[in-house]
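Secondary and tertiary structure notes
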Amino acid sequence: MTLACEPAFQHGSAARIGVLLINLGTPDAPTASALRRYLAEFLSDPRVVEIPRLLWLMILHGIILRIRPAKSAAKYASIWQPEGSPLAIWTRKQQQHLQSQLEHMGMVVHTAYAMRYGNPSLMFVLDKLKKEGIEKILFLPLYPQYASATTGSVIDVVMKWAAQQRRIPEMRFINHYHDHPAYIQALAESVRQHWNTHGAAERLLLSFHGVPERSLHLGDPYHCECHKTARLLTQALAIDPSRVQVTFQSRFGKAKWLGPYTEPTLVEWAQSGVKSVDVMCPGFTSDCLETLEEINMEAREAFLQAGGQHFQYIPCLNDNRPWITALGQIAQQHLQGWGADAESVQALHQDRLQQRQRAITMGASK
C-alpha cells in the first residue's frame, strides 16, 4: 500500500480543529441514472445488507439496479426542490448554522459536512480538511441513535481513509446522542410548536427508520435507543404514554424487520376508530425522501383511505434553533480537552510563535 503524500507541515501555527457533520446521502438528481449510481453505492455496503456477499451482488446488479432506480427517481422527483435534494439542503444549512453557533459559544473550529453515500463524499471532504490544515477532527453523524448500518458504516470509511494517510489527524467519534437532554428538548419544542399551531391529535406516532430484526439479536443497540428517545420525549411532553406509539418504517426485502411497522399501524388505528394522528420521525434530523414522501404522502394516504380524518406530519428538526443549539452543545461536550475555545487557541498560537522565534535566535547565534 502506498501512503498518501502529506501536505507541507506548517511550523509555528496552532492546530486547527474540525467538526464534521455526516448524513446518509442523496442522489445528485431525481433521475434513473443518478439513482442507479447512488443505490449501487448504498446497497453495496456490507453493513447495510448483511447477507452472503456474492449472492447479494448478483441480486443487486442483476435485478434491483435494473428495476428500482426508475421507481425511486419518480419518488425523489415528487420532493425535489429548486435548490436540490431536501436532505442536502438541510444538511448544508445545519453545518452553516452550527458554525455560527460554535463561534457564538467562543469555539474556534472549522465545520464541514459530508455524505456517507453520494456527494460530497466522506473521503473527498477528509482530503479537503487535511489540505486545509485540520489536525483534529470531531465526527458528528446526524444519526441520534447508533446503528451498525449508519454510524458503524461511517467509522468504516474513516478508518479506510486513515489507513491511507501517513500523518493521521487526531479523531473523535460521537456514536450516539439519543438521550442527550438538548436533543430531547429540541424534539419536544418541535412538537409543542406544532400543537400550538394545529392542536394535538388523539395519537402521537414516532416513526423510526427500520432495520432487520436480526440486527437486534446480534447486539445492535438501535432498537433500545429508539425506545429510550421515545420514552424521554414522552416524559418531556408530560403526556400519557398510552397516546404514544413507536413504529419502524422503510422496510426492504422479505426478512423480518423491527416492528411494529409504521403504515400498517396507521391503517389499524384508522380502522379501529382513531380519527386524528400526529406523526414525527425523531431519528431523522433532516427531512428527506423517507419523511416527505414515505410518511407525508404514502402513510398519509393509507391512514385517510382506511377511515382516518386528520393526519398531521411534524417536520424534522432541520434548522430549528433548539436543534442547532443542541448540536452546538453536543459538539462542545466532545471537544473538551482539545483547546477549541478561543482563549486556548490564542495561547497555543502564542506559545508556538515563541518556540519558533527561539529556534530562529538559537540558529542565528551559532
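Keep in mind that this is a model prediction, so the values were computed, not measured.

1. Regarding the packing of aromatic side chains
According to the stated counting rule, one finds 11 aromatic pairs in the structure shown. Relative to Phe 173, the ring of Phe 139 lies with its centre 4.8 Å away and its plane at 15 degrees, an arrangement referred to as stacked. In this pair, Phe 139 sits in strand S3 (residues 134-141) while Phe 173 sits in strand S4 (residues 170-173), placing the two residues 34 residues apart along the sequence. Assessed through its relative accessible area of 0%, Phe 139 is described here as buried.

2. Some remarks on helix H6 (residues 181-198)
For H6, with 18 residues, the first-to-last C-alpha span of 26 Å sits near the 26 Å given by 1.5 Å per residue. For H6, the set of buried residues is Ala 182, Tyr 183, Ile 184, Ala 186, Leu 187, Ala 188, Ser 190, Val 191, His 194 and Trp 195. In the core, the buried residues of H6 are packed alongside helix H8 (222-237), strand S7 (276-280), strand S8 (310-314) and helix H12 (321-334). Two residues or fewer after H6 comes Gly 199, characterised by a positive phi angle close to 85 degrees.

3. Quick notes on the pairing of strand S1 (residues 16-26)
Counting buried positions along S1 yields 9 of 11 residues, so the element is predominantly enclosed. Relative to S3, S1 runs parallel, the two being bridged by 7 bridges. Within the sheet, the bridge partner assigned to Ile 22 lies in S3 and is Pro 141. In terms of strand pairing, S1 meets strand S2 (residues 110-118) through 8 bridges, oriented parallel. Each bridged residue has a counterpart across the sheet, and for Asn 23 the counterpart in S2 is Met 115.

4. Let's talk about the nonpolar core
By size, the foremost hydrophobic cluster in this structure holds 69 residues, and its most contacted members are Val 19, Leu 266, Phe 311, Trp 323 and Leu 335. Of all the elements, H6 adds the most residues to this core, at 8 residues. In this view, Phe 311 contacts Leu 266, Val 277, Val 279, Ile 295, Asn 296, Ala 299, Arg 300, Phe 303 and Leu 304; residues no more than four positions away in its chain are not counted. In terms of nonpolar packing, the next biggest core, distinct from the first, is built from 17 residues, Leu 20, Ile 22, Leu 126 and Phe 139 among them.

5. Section: the pattern of salt bridges
Applying the stated criterion to the full structure yields 7 salt bridges. A salt bridge links Lys 75 to Glu 298, with the nearest nitrogen and oxygen atoms 3.3 Å apart. With Lys 75 in helix H2 (residues 53-77) and Glu 298 in helix H11 (residues 294-305), the pair connects residues that are 223 residues apart, well separated along the chain. Look at Lys 75 and you get partly exposed, because its relative accessible area is 35%.

Calculation rules
Residues numbered from 1 in each chain as written. Predicted model: local features only at pLDDT ≥ 70, side-chain atom pairs only at ≥ 80, totals over all residues. Heavy atoms only, no water. Phe/Tyr/Trp six-rings, centres within 6.5 Å; stacked < 30°, edge-to-face > 60°. Helix = DSSP H or I, 4+ residues; strand = E, 2+ residues; numbered from the N terminus. Buried < 20%, exposed > 50% of the residue type's maximum accessible area, 1.4 Å probe, protein only. Expected span 1.5 Å × (residues − 1). Contact = heavy atoms within 4.5 Å. Pairing = 2+ DSSP bridges. Core = buried A, V, L, I, M, F, W, Y, C linked by side-chain atoms within 4.5 Å. Salt bridge = Lys/Arg side-chain N within 4 Å of Asp/Glu carboxyl O.

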